[in-house]
Amino acid sequence: MDSELIQQLLVPVAVAVVAVIVFVIGDRLRPASWRETDDEAAGTLVIDLINTLFMAVAAFVVVICWQQYDNAHNHTIAESKALIDVYWAAHSMPDPEHQQVQKLVHDYTEQVVNVEWPEMDNEGRMSQSTQDTLDTLRDTVFAIQSQDSNVTDLRASAIAALEAVAQARHDRSMDADLGMPGFLYTALWFTTVLLLCTAVLSGVEVTKRSVLMTALLGIVVGAAIVAIYGLDRPFSGGNIVPKDAFTSALSRFQHIT
């Protein structure tokens, strides 16, 4: 068994042993006036701890998932802006470079929207055909040769923008493969089970009202877990990053043309 896994198992057990030792020794040392005649105080303490632990774990997981989602969306915006910059640079180039570069930029953006987005959602990976189009675009821009200083400057601007596209695309590929660490989901489900057992631990009597309240608790907890899983992978699942940045770029290309 892996030493790190052993450590992860031993630490909670060790803390539990220390807690019991402190409780037993403290019980003998504390004044008699501090003693409780039943287990109600201990039960309340445990239930409050379970509630706090669940909220802490759920909040931590939500924050991480939302940061991943927000970063992924920002990467799509950066990529689309850089594509518009390439399209603008090609707009002032002479033919045939003008038409070649703009067509490849348009084709790449269209493939991201219509081919790559569904592939990231269904298979969790980037589209190789879309990558090939980007490689062809970069080769075309690098191959531009001219003695005109204006064309040379436009070529340099287009190359710089393409580097930004490649970087943003790389970031997007990392986002598509990114997921929440398994130990966090283990902690989430563990605290969820404990939370659902609080009614039993607190000794609540089974009545229509208590059954209804327990059902409502289950609905709230279940909805929270569904929301967390929806945010887990930014480009797949129930709540994927929108492709509006690229559709907006396609619309912008029409106005530039």
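Each remark here, short or long, concerns the structure printed above.
Described below are features of the structure shown in this document. (Residues numbered from 1 in each chain as written. Predicted model: local features only at pLDDT ≥ 70, side-chain atom pairs only at ≥ 80, totals over all residues. Heavy atoms only, no water.)

1. Concerning the environment of Trp-189
Step number 1: Note that Trp-189 resides in helix H6 (residues 182-196).
Step number 2: Sequence separation between Trp-189 and Phe-54 is 135 residues, and the spatial gap between their C-alpha atoms is 9.1 Å.
Step number 3: Excluding residues within four positions of it along the chain, Trp-189 makes contact with Ile-225 and Tyr-229. (Helix = DSSP H or I, 4+ residues; strand = E, 2+ residues; numbered from the N terminus. Contact = heavy atoms within 4.5 Å.)

2. Here's the deal with the pattern of salt bridges
Step number 1: Tallied over the full model, the rule gives seven salt bridges.
Step number 2: A salt bridge links Lys-103 to Asp-107; the shortest N-O distance between them is 2.8 Å. Here Lys-103 and its partner Asp-107 are both found in helix H3 (residues 97-123), four residues apart, which amounts to about one turn of the helix.
Step number 3: Here Arg-169 and Glu-116 are joined by a salt bridge, their closest N and O atoms 2.7 Å apart. One end of the pair, Arg-169, is in helix H5 (residues 149-176); the other, Glu-116, is in helix H3, and 53 residues separate them in sequence. By the burial criterion, Arg-169 is buried, and Glu-116 matches it.
Step number 4: Connected via shared salt-bridge partners are Glu-79, Glu-116, Arg-169 and Arg-172. (Salt bridge = Lys/Arg side-chain N within 4 Å of Asp/Glu carboxyl O. Buried < 20%, exposed > 50% of the residue type's maximum accessible area, 1.4 Å probe, protein only.)

3. Section: a nonpolar patch on the surface
Step number 1: A cluster of nonpolar side chains, Val-13, Val-17, Ile-21, Ile-25 and Leu-29, forms an exposed patch at the surface whose accessible area comes to about 480 Å².
Step number 2: Relative to the assigned elements, Val-13 resides in helix H1 (residues 3-29). (Patch = residues over 30% accessible without salt bridge, like charges linked within 9 Å, V, L, I, M, F, W, Y side chains within 5 Å. Areas by Shrake-Rupley, 256 points an atom, 1.4 Å probe, with all protein chains shown as cover.)

4. Remarks on the side chain of Ser-236
Step number 1: Residue placement: Ser-236 occurs in the loop between helix H8 (208-232) and helix H9 (244-256).
Step number 2: Here Ser-236 falls in the buried class, since its relative accessible area comes to 14%.

5. Quick look at H6
Step number 1: An ideal rise of 1.5 Å per residue puts 21 Å on 15 residues; H6 measures up with 21 Å between its terminal C-alpha atoms.
Step number 2: Where H6 is concerned, the buried positions are Leu-184, Tyr-185, Leu-188, Thr-191, Thr-192 and Leu-195. Around the axis of H6, the buried residues are gathered within 130 degrees of arc, so they sit on the same side. Facing away from the buried side of H6 by more than 90 degrees, the exposed set consists of Phe-183, Thr-186 and Phe-190. (Expected span 1.5 Å × (residues − 1). Arc of directions from axis to C-beta.)

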